[in-house]
Amino acid sequence: MTVLLLILFVNLSAQKHTLFGYIKDKASGESLIGATLSVNDKSIGTISNNYGFYSIAIPAGKQRIKCSYIGYQAFSKEIELISETNLNIDLEAKDSKLQEVVITASKNNKVTNNEMGSQSLSILAIKQMPAVMGESDLVKSLQLLPGIQATNEGTTNLSVRGGSFDQNLFLLDDAPVYNPSHALGFFSVFNTDAIKSVKVYKASFPAQYGGRLSSIVDIHMKEGNSKELSASGGMGLIASRLTLEGPITKDKASFIVSGRYSYAGLTANGAGLLGQSLGIKGLRDFNAHNEINFYDLNAKVNYKVNDKNHLFLSAYTGSDHFFYYAIDDNSSMDWGNITGTARWNHIFNSKLFANTMLIYSKYDYSYILKDDARHFKWLANLQEMDVKTDFDYFLNPNNSLKFGISLENHHYFPGKVEPRDATSITKPFTLDKQRAVITTAYLNNEQRISDKIGLDYGLRYSAFFLLGESTVYSYSPEMEKIDSVSYSSGELVKFYQSLEPRFSFRYQLTENSSIKLSWSKTVQFQHLIGNSTVGLPSDVWIPASMYIKPQSANQIAIGYYRMLAHNQFECSIEAYYRRMYHIIDYRDNADLFLNPHVETQVLSGDGHSYGLEFYLEKKVGRMTGWLSYTLSKTDRQIDGINNNQAYPASYDKRHNLSLLLNYKLSATWSASSIFKFTSGGFATIPEGTFNYYGAAFNYYTNRNGYKLPSYHRLDLSFNYQSRKNENRSWKTEWNFGIYNVYDRKNIFALFIKQDNDQLYSSRAYKMYLYGITPFATFNFKF
């Protein structure tokens, strides 16, 4: 009998039950992504997923449950676990007047998790950074991180670990945003008032992500305050914002609507005229007829059906109109994005969580030629409709599985030209539409081998179908058209498939340090056709085809991570090497605009990128911030270009240094500063000019053979928050400062024009943007 009781006691003591639930903000009901939950201060723990859900199997009996999230007060509760238990946790935010500005809203820290090359930024930190004209910018904030830089001065286009800006996938509530830029990249489309979280992956993406080579930027919108109605907004020199959110049914359904409108053209015109009146030399020929404006509108509704089912509907729309005489005095551009996501979250049981989505994305763009005999309008668009299902299966405390499937339907309309009126000499012309379908399936496991060893591994399969109706041409070696084949609607034109393995390994050296190793393969079935580093709306997305193969890349990385000074500092060093295949570039004197045979204008080859990244972040105290430095090299080797010799990418910038500092001056005042330095990129400029029958023609030799000057600037800002008053709901905030404090003339564009006085020669011109620029923004909330 004693032996039987002993066996029963052993079995009961070894028995485990599942604890699961949601982790949310107590005041607003917003789910918290990446909150950490631990048991009895031991190594047993988990984190909440992208929807705030967690699940963990722990031993039966009395357990002390702790939960923490940056910027929130720690939660602690003792429970008696005798069966499967649902425990929803509400965390209370710390007083913003007393808490330090914490930059990284990470799951735990880089030492203990398995991820490499990923980084989260808190929206609070982004809003406090100095920004152009005081308009906080999510994408430009990412440029301060190691391995990430702007492809062009002053723009939101990213080059991540040597990739081009079309190799980055921006997801807004899982919907792809094809052009994340306003005003030719001067601002991003993401209104920080409507955003809850942002995380960037630049190495070994989890297997659920794919479709791009270089990075994934995963952005989640707020869900709306489910407790009380609130409003917030702001007014600045170039834009104004207003956000409304609140419960439809308290604790069951909520909404958020957030809008932003920019009057940047009016500001530019007013500043130029003021400069003229003050006799500023550079503004003597200023033209005050610039037209620059844009708007954003974000909306989201969520409804809790019951404890196991939750529905969400989110949407975004934004549009731009751009005419700026200093860039192009004879044309204007219009473009915009529309996205929508319908999501169903379902809990099958304590271990299995499902997320099913219907996704829509549209990007349309147009180009208008004004005072010219051609006098035309060019229109194009891209549409994508997806259905996806993702599962999180919490197998046991040592294994968390993710798996899912998706179907993507892409429609490409590369463009048509139509005359604007009867005086135009332009004849209507339309390029063939294209359609592609992509199916994917993936499986990923995050595994804890021991206290010291962790693994994250997965496999992603993708199948690409290029479908008719279309006409495919065949060409001679000289790329002259010799024949064609027609495909009917829905007929298979070309098929590609790929397997993309992902793997990362972590070894814990000490409690405060670890090393990691990762390897991954990524594939991209789309290309962006355009020859500008700025990323113009006239650039055209096209699918892989008979002649243009999908891009692919292999990347290996190794890193060392360490927490210093009682976890006040986080330090990391990562080295990477990336090999890219089927990267496209353009033939000399390529004709890309509205060319039905664009495949004859491009060539493909390989690319290489390697570098060393250093990151040091101070996480607590009155002064916080980070220092990042990247040493890197990126080149291309494409037969038929640059005499078949390797050449640097235009965004190959050897050194990239960023320093961000935030200092809490008092309970109401804080200060921020940014210093940024990058080596100059590369450009292709003429080696000389020759005259032919009185006209000047440029001739070129080396591709990207001219090195641009280095880029550097210093920004300062001050932030004032009204004093806290428990009896007053109205809160105000002022943010003001100076962008480019010492008036550095950084090059925005380098271009060649025929000399008006001597038509047989050409001249090179440099365009500078953003001299010393003061700004002020007023924000409110009630």
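Residues numbered from 1 in each chain as written. Predicted model: local features only at pLDDT ≥ 70, side-chain atom pairs only at ≥ 80, totals over all residues. Heavy atoms only, no water.

What follows deals with the overall build of the chain. For the chain, the count of helices and strands is four helices and 51 strands. The C-alpha radius of gyration computed for the chain amounts to 27 Å, which stays within 12% of the reference 28 Å derived for 782 residues, consistent with globular compactness. With the principal axes as the frame, the chain shows a C-alpha extent of 110 × 65 × 50 Å. Looking at the chain residue by residue over its 782 residues, the buried ones come to 55%. By sequence separation, contacts in the chain at least 24 residues apart represent 65% of the contacts at least 6 residues apart. Summed over all atoms, the accessible surface of the chain reaches about 34000 Å², with 57% contributed by carbon and sulfur. Treating the 79 positive side-chain charges of the chain as one cloud and the 72 negative ones as another, the clouds have centres 7 Å apart. (Helix = DSSP H or I, 4+ residues; strand = E, 2+ residues; numbered from the N terminus. Rg over C-alpha atoms; globule rule 2.2 N^0.38 Å. Buried < 20%, exposed > 50% of the residue type's maximum accessible area, 1.4 Å probe, protein only. Contact = heavy atoms within 4.5 Å. Areas by Shrake-Rupley, 256 points an atom, 1.4 Å probe, with all protein chains shown as cover. Lys, Arg positive; Asp, Glu negative; His and termini not counted. Charge placed at Lys NZ, Arg CZ, Asp CG, Glu CD.)

In this structure, strand β30 (residues 470-475) lies alongside strand β31 (residues 481-487), joined through six bridges in antiparallel fashion. In the sheet register, Ser-470 faces β31, and the bridge partner there is Tyr-487. Hairpin connection between β30 and β31: a loop of five residues separates the two successive antiparallel strands, and Met-479 in this loop has a positive phi of roughly 65°. (Pairing = 2+ DSSP bridges.)

With that settled, consider the nonpolar core. Formed by 58 residues in total, the largest nonpolar core has its most connected members in Phe-186, Phe-322, Trp-378 and Phe-464. If you look at the next biggest cluster of nonpolar residues, it comprises 28 residues, including Val-139, Leu-142, Leu-172 and Ile-674. (Core = buried A, V, L, I, M, F, W, Y, C linked by side-chain atoms within 4.5 Å.)

All chains considered together, the criterion is met by 26 salt bridges. In this structure, Lys-199 and Glu-115 form a salt bridge, with 2.9 Å as the shortest nitrogen-oxygen distance. With Lys-199 in strand β16 (residues 195-201) and Glu-115 in the loop between β8 (89-91) and β9 (118-121), the pair connects residues that are 84 residues apart, well separated along the chain. Side by side, Lys-199 and Glu-115 carry an identical accessibility label, which is buried. The salt bridge involving Asp-173 is made with Lys-300; its shortest N-O contact spans 3.1 Å. With Asp-173 in the loop between β12 (168-172) and β13 (175-176) and Lys-300 in strand β21 (residues 291-306), this pair connects stretches of sequence that are 127 residues apart. Lys-300 matches Asp-173 in its accessibility class, with the two residues each being buried. It is possible to trace a salt-bridge network through shared partners that takes in Lys-127, Glu-135, Asp-193, Arg-241, Arg-260 and Asp-296. (Salt bridge = Lys/Arg side-chain N within 4 Å of Asp/Glu carboxyl O.)

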